[in-house]
Amino acid sequence: MGRGAGIGAIMSAIIAFAVGVTVMFSLLLGDNPALFGDLPDADELARRFALPADVLLRLVVIVVALSIVIGIANLLFVHVSRLTSGKFYSAVLLASFGFTIYWYVTRQGDTSLLEAVQLPIESALAALLFLSLALGGARVMGKRRDIWGLLFVAVVVVVLLASLPLAELAPLRAWSDWLMRVPVSAGARAMLLGIALGMVVAGVRALLGQDRAFRG
């Protein structure tokens, strides 16, 4: 059993390496005739190099779409089975799902129902976020009365007060805009850079067969 699992892990690593390298070179060389210099059939070569990545990416999209359909079907089956136990929320979910599909089909893609439901939910979540920030600030001041805790509370207070539609709070809006434009933007870019580096490391580990999924 252990030897078979080890061989399976090796084969999975080899397949992942081959597919990853193929897609990488296909994306680098495909649809870029300038890389082939003055060759007479540079355009045709570029299209041929782009074909493997195009085919594999289309297969990925199909697999993801099928996974979503299977997940929705599994969710519906689970809640249908719960109807026998008198689960009220399962009945509400199934009725909402059926009515949404009926509305979308009969109204030819009209999304007004989705917007009518989504906007109130987003407003409620925004209100909960306000309460969470206020509670977080109170807890920070209760546990960490240092410069960083005071800075966190001050930023939260400035941003929340600046969002109020009051003319007297106009000076705070300039500070809030600066906070959103400079520190928040810098933090978001740092997070994106970290995510990108993490994806690169994960991709390299998968290509080298060092990922945990390939270990027997």
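Residues numbered from 1 in each chain as written. Predicted model: local features only at pLDDT ≥ 70, side-chain atom pairs only at ≥ 80, totals over all residues. Heavy atoms only, no water.

Engineer: Let's hear about the overall build of the protein: which residues, and what values?
Structural biologist: From N to C terminus, the protein includes seven helices and zero strands. For the protein, buried positions account for 11% of its 216 residues. Taking the contacts inside the protein whose residues are at least 6 apart along the sequence as the reference set, 31% of them involve residues at least 24 apart. When the accessible area of the protein is evaluated, it comes to approximately 16700 Å², of which 73% is carbon and sulfur surface. (Helix = DSSP H or I, 4+ residues; strand = E, 2+ residues; numbered from the N terminus. Buried < 20%, exposed > 50% of the residue type's maximum accessible area, 1.4 Å probe, protein only. Contact = heavy atoms within 4.5 Å. Areas by Shrake-Rupley, 256 points an atom, 1.4 Å probe, with all protein chains shown as cover.)

Engineer: With reference to specific residues and values, describe the packing of aromatic side chains.
Structural biologist: Tallying each qualifying case throughout the model produces two aromatic pairs. Relative to Tyr89, the ring of Phe88 has its centre 6.0 Å away and its plane inclined at 65 degrees; by these criteria the two rings are edge-to-face. Take Phe88 and Tyr89: they sit in the same class, and that class is exposed. Aromatic side chains Phe99 and Trp103 sit 6.1 Å apart centroid to centroid with 50 degrees between the ring planes, which places their arrangement in the tilted category. Placement of the pair is Phe99 and Trp103 together in helix α3 (residues 88-106), with a separation of four residues, close to one helical turn. For Phe99, a relative accessible area of 43% gives the class partly exposed. (Phe/Tyr/Trp six-rings, centres within 6.5 Å; stacked < 30°, edge-to-face > 60°.)

Engineer: Give me the pattern of salt bridges: which residues, what numbers.
Structural biologist: Applying the stated criterion across every chain yields a total of one salt bridge. Between Arg58 and Asp54 there is a salt bridge whose closest N-O contact spans 3.0 Å. With Arg58 and Asp54 both in helix α2 (residues 42-82), this residue pair falls four residues apart, about one helical turn. Owing to a relative accessible area of 34%, Asp54 belongs among the partly exposed residues under this scheme. (Salt bridge = Lys/Arg side-chain N within 4 Å of Asp/Glu carboxyl O.)

Engineer: I'd like a rundown of the side chain of Ser26, residues and numbers included.
Structural biologist: Mapped onto the elements, Ser26 comes out in helix α1 (residues 2-29). Residues in contact with Ser26, not counting those within four places in the same chain, are Phe49, Ala50, Leu51, Pro52 and Ala53.

None of this, on its own, says anything about what the molecule does.
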